[in-house]
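Single-letter residue listing:
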Amino acid sequence: SIGGRIRVGPSAYGSPAGSTPAICEATASDGAASGQGGAGGSFSATGGAGGNGGPAGQPAEVNTALTPLRAGCRGGHGGGHANSGGVGGGAIQISVAGTLQVSGSIAAYGGGGQGGIASANGGGGGGSGGAVLIEANSFLVQSGASITVNGGGGGQGGKDSNVGDDGNDARPHDDFPAFGGTFPSSGGFGGSGGTNLPPTSGTTSSSGAGGGGGGSSGRIRINTPMCTKDGSVYVSGPATYGAQSCN
């Protein structure tokens, strides 16, 4: 029985519990030129594009079975701003021989991208959500429980000497998207992170650097021959099922 919290938040390029695909290491999601925002990390969907002509996110990975189990991808770094991409969520696997009952929260969520530090520095993309794999003979999800793999918000681009606002880390307990950085006197705004909805792109700024794209949501996989939801439950992020879906 899980009545409290199991959370694997932003964790560099992945998690000890899950492998990290080579695509997460690709530099194509980084802003190629000064002033471009980085793309959001991709997983279940393509990460949001960076502003000011920044790159689109890497293609989404179709790995609905989570075999092998994997963690989330970092966001792309903003142009001129190394190491600014938000980090991806980790990976959680829960396997029980009998009945698993959840009344608390299970989350593998992405981190927000950093804001640009000057007019030539784009915002970093948000990290994607991670993965949650549940295996049980019987699975009961009680009212008020949540299972989420939300993506992080993109960082805002810098402008003149103004530092861009950092994107928010993903919310681990509901399906409300993480906002990108939106400080009024800096550059392009960061995109929102993905939930049950896709992430959004960073915006363009005519006088500052572009915002980073929002990170994609991760994936949820539930393998059980018997699954029951008792009341209102938050499941945020694409969920696939083995023998039976949760009604």
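None of the values given here were measured: they were computed from a predicted structure.

How each quantity is defined
Residues numbered from 1 in each chain as written. Predicted model: local features only at pLDDT ≥ 70, side-chain atom pairs only at ≥ 80, totals over all residues. Heavy atoms only, no water. Core = buried A, V, L, I, M, F, W, Y, C linked by side-chain atoms within 4.5 Å. Buried < 20%, exposed > 50% of the residue type's maximum accessible area, 1.4 Å probe, protein only. Helix = DSSP H or I, 4+ residues; strand = E, 2+ residues; numbered from the N terminus. Pairing = 2+ DSSP bridges. Axes fitted to C-alpha atoms, helices over the stretch in contact; angles between N-to-C directions. Phe/Tyr/Trp six-rings, centres within 6.5 Å; stacked < 30°, edge-to-face > 60°. Lys NZ or Arg CZ within 6 Å of the ring centre and 35° of its normal.

Asker: How would you summarise the nonpolar core if you had to cite specific residues and measurements?
Answerer: Leu100, Val102, Ile106, Val132, Ile134 and Phe139 are the most contacted members of the largest nonpolar core, which totals 20 residues. Elements with a contribution of two residues or more to this core: strand S2 (91–95), strand S3 (99–102), strand S4 (105–108), strand S5 (131–135), strand S6 (138–142) and strand S8 (219–223). If you look at the next biggest cluster of nonpolar residues, it comprises 7 residues, including Phe43, Leu69, Ala71 and Ala131.

Asker: A description of the sheet that holds strand S9 (residues 227–230) should follow, citing residues and the corresponding values.
Answerer: Spatial ordering of the open sheet is given by S3-S6-S9, a layout of 3 strands whose pairing is parallel. A strand with exactly one partner marks an edge of an open sheet, and here the two such strands are S3 and S9. When the angles between neighbouring strand axes are averaged without regard to direction, this sheet yields 10°. In this structure, S6 lies alongside S9, joined through 4 bridges in parallel fashion. Pairing of Leu140 across the sheet is with Thr228, part of S9.

Asker: Explain unusual backbone geometry to me, and be specific about the residues and the numbers.
Answerer: Leaving glycine out, the prevailing phi sign among residues is negative, and the prevailing peptide bond configuration is trans. Here the amide bond leading from Thr67 into Pro68 is cis, since omega sits at 0°, within 30 degrees of zero. Mapped onto the elements, Pro68 comes out in the loop between strand S1 (5–8) and S2. Within the chain, Asn52 stands out as a residue other than glycine whose phi angle is a positive 60°. Relative to the assigned elements, Asn52 resides in the loop between S1 and S2. Taking the relative accessible area as the measure of exposure, Asn52 reaches 22% and is therefore partly exposed. Look at Asp160: it is not a glycine, yet its phi comes out positive at around 55°.

Asker: Explain the packing of aromatic side chains to me, using residue names and the numbers behind them.
Answerer: Overall, the coordinates contain 1 aromatic pair when judged by the stated rule. The aromatic ring of Phe43 is capped on one face by Arg70, whose charged end is 3.6 Å from the ring centroid.

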